[in-house]
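# Secondary and tertiary structure notes
Listed here are the chains, written in short residue letters.
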Amino acid sequence: MKLFDLNRFSRNYGFLVKIGTAILYSVMVAVALNFFWHPGHIYSSGITGFAQIVNTVTSRYMPFTIPTEVMYFALNVPLFILAWFKIGREFTAYTIFAVTMSTIMMRFIQPTQVSLDPILCAIFGAAVNGIGTGMALKSGISTGGLDILGIVVRKKTGINYGKFNILINLIIVLIAGFLFDWSRALYTALNIFINGRFIDSVYTQHNKLQVMIVTEHPNAIIEGIQEKMHRGITIFHDVEGAYGHTEKTVLLTIIDTYDLYDIRTTVEKCDPFVFMSVTEVQKVYGRFREQKVV
């Protein structure tokens, strides 16, 4: 009975964290858009940027204007379908909530008067949005748009989300140059680059680490790692330490960045005198178990 209550508490806590993060993101993207990007005539990355472009084009060349927040939601609808089939239903439900809240916040969070240097608009807008997006992804939800495509591409190819974001959004830089001037295109490029770097600095789940463990107690460490993280381990037997000439075993495994604390505490608990080195991994080929996105 106690275990059931604990599981229910864990589910409820996770639900509240995701909902709270989605609301926080919606506020941050609205602030970035209305306080920095619109006043500075700077385009965001991804779907938000394309929604801004439609807003600019319709306001200049059409007898009607499509608001950025309306176009933002409309462009996300087909991506909801992609996420539903390729990522997960629960993930998609949180994404729909985050996008809906963002649409509402974009409409109602408006500055009274803003007049900033365009470079400052690019930097602060990118920082606010990048942190919000990274926090959302880190909590297991998407902010819609290229977040969904980025996760699908990362699962298939291992490309960092931020790098994917920068690559795709080069077209927005060109459009910004044609619609305004090329100095604005430069500010937009700066905004997209900073946004991608902030996302990568916050959302680090996609980063992989190679851990090498030199120990005299391999069985206990292997059992602890596989029980806690379910990671594959390569074993090198009959290794000799040059200092003490004692027989040791080398264990080699690949982990997510989030696993580092768990593996360190597990290894040190099993062998207080262990030697462990950790290096970043550029790419992983073969069978690597990604954490499930729900």
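Computed from a predicted model, the values in this text were never measured in an experiment.

What counts, and at which threshold
- Residues numbered from 1 in each chain as written.
- Predicted model: local features only at pLDDT ≥ 70, side-chain atom pairs only at ≥ 80, totals over all residues.
- Heavy atoms only, no water.
- Patch = residues over 30% accessible without salt bridge, like charges linked within 9 Å, V, L, I, M, F, W, Y side chains within 5 Å.
- Areas by Shrake-Rupley, 256 points an atom, 1.4 Å probe, with all protein chains shown as cover.
- Salt bridge = Lys/Arg side-chain N within 4 Å of Asp/Glu carboxyl O.
- Helix = DSSP H or I, 4+ residues; strand = E, 2+ residues; numbered from the N terminus.
- Expected span 1.5 Å × (residues − 1).
- Bend = angle between axes of the 7 residues up to and from the residue.
- Buried < 20%, exposed > 50% of the residue type's maximum accessible area, 1.4 Å probe, protein only.
- Pairing = 2+ DSSP bridges.
- UniProt positions renumbered as here; feature names shortened; annotations may be inferred.
- Axes fitted to C-alpha atoms, helices over the stretch in contact; angles between N-to-C directions.
- Parallel < 35°, antiparallel > 145°, perpendicular 65-115°, else oblique.
- Contact = heavy atoms within 4.5 Å.
- Nonpolar A, V, L, I, M, F, W, Y, C, P; charged D, E, K, R; others polar.
- Polar contact = N/O pair within 3.5 Å; in protein donor to acceptor, adjacent residues only side chain to side chain.

Together, Leu116, Ile119, Leu120, Ile123 and Phe124 make up a nonpolar patch on the protein surface, roughly 400 Å² of accessible area in all. Mapping Ile119 onto the fold places it in helix H5 (residues 118-138).

Compared with the 27 Å implied by 1.5 Å per residue over 19 residues, the 27 Å span of helix H3 (residues 68-86) between its first and last C-alpha is a close match. Of all the bends in H3, the greatest, near 35 degrees, is centred on Val77, and the proline Pro78 appears no more than four residues after it. Looking only at H3, the buried set comprises Thr68, Glu69, Met71, Tyr72, Asn76, Leu79, Phe80 and Ala83.

This part covers the pairing of strand E2 (residues 234-240). Across 5 bridges, E2 lies against strand E3 (residues 247-256) in antiparallel orientation. Within E3, the residue paired with Thr234 across the bridge is Leu252.

As a further point, take the UniProt feature "transmembrane region" (unreviewed entry) in the protein chain. Taken from the UniProt record, the annotation "transmembrane region" (unreviewed entry) applies to residues 12-37, 64-84, 91-109, 115-137 and 164-182. Between the C-alpha atoms that bound residues 64-84 the distance is 33 Å, and the span itself is 81% helix and 0% strand.

This next bit is on unusual backbone geometry. Glycine aside, a negative phi is what most residues show, and trans is what most peptide bonds show. Even without being a glycine, His41 presents a positive backbone phi close to 50 degrees. Along the polypeptide, His41 turns up in the loop between helix H1 (2-40) and helix H2 (46-61). Under the relative-accessibility criterion, His41 is labelled partly exposed at 39%. Within the chain, Asp238 stands out as a residue other than glycine whose phi angle is a positive 55 degrees. Relative to the helices and strands, Asp238 is located in strand E2.

Where H3 contacts helix H4 (residues 89-108), the two axes come as close as 10 Å, and the packing angle between them is 180 degrees. Viewed along their axes, H3 and H4 adopt a mutual orientation that is roughly antiparallel. Of the residues in H4, those touching H3 at Glu69, Tyr72, Phe73, Asn76, Phe80, Ala83 and Trp84 are Arg89, Phe91, Thr92, Thr95, Ile96, Val99, Thr100, Ser102, Thr103, Met106 and Arg107. Considered class by class, the residues forming the contact of H3 with H4 number 9 nonpolar, 6 polar and 3 charged.

Let us look at the side chain of Asn55. In this structure, Asn55 sits in helix H2. For Asn55, the side chain forms a polar contact with the main-chain oxygen of Ile66, separated by 2.9 Å. In this view, Asn55 contacts Thr65, Ile66, Pro67 and Thr68; residues no more than four positions away in its chain are not counted.

In the structure shown here, the tally under the stated rule is 2 salt bridges. Between Lys248 and Glu216 there is a salt bridge, and its shortest N-O distance comes to 3.1 Å. You can see Lys248 sitting in strand E3 and its partner Glu216 sitting in the loop between strand E1 (208-215) and helix H10 (218-228), a full 32 residues away along the chain. Residue classification places Glu216 among the partly exposed residues on the basis of a relative accessible area of 44%. Note that Glu268 is salt-bridged to Arg264, the shortest N-O span being 3.3 Å. Of this pair, Glu268 and Arg264 both sit in helix H11 (residues 260-270), 4 residues apart, which is roughly one turn of that helix.

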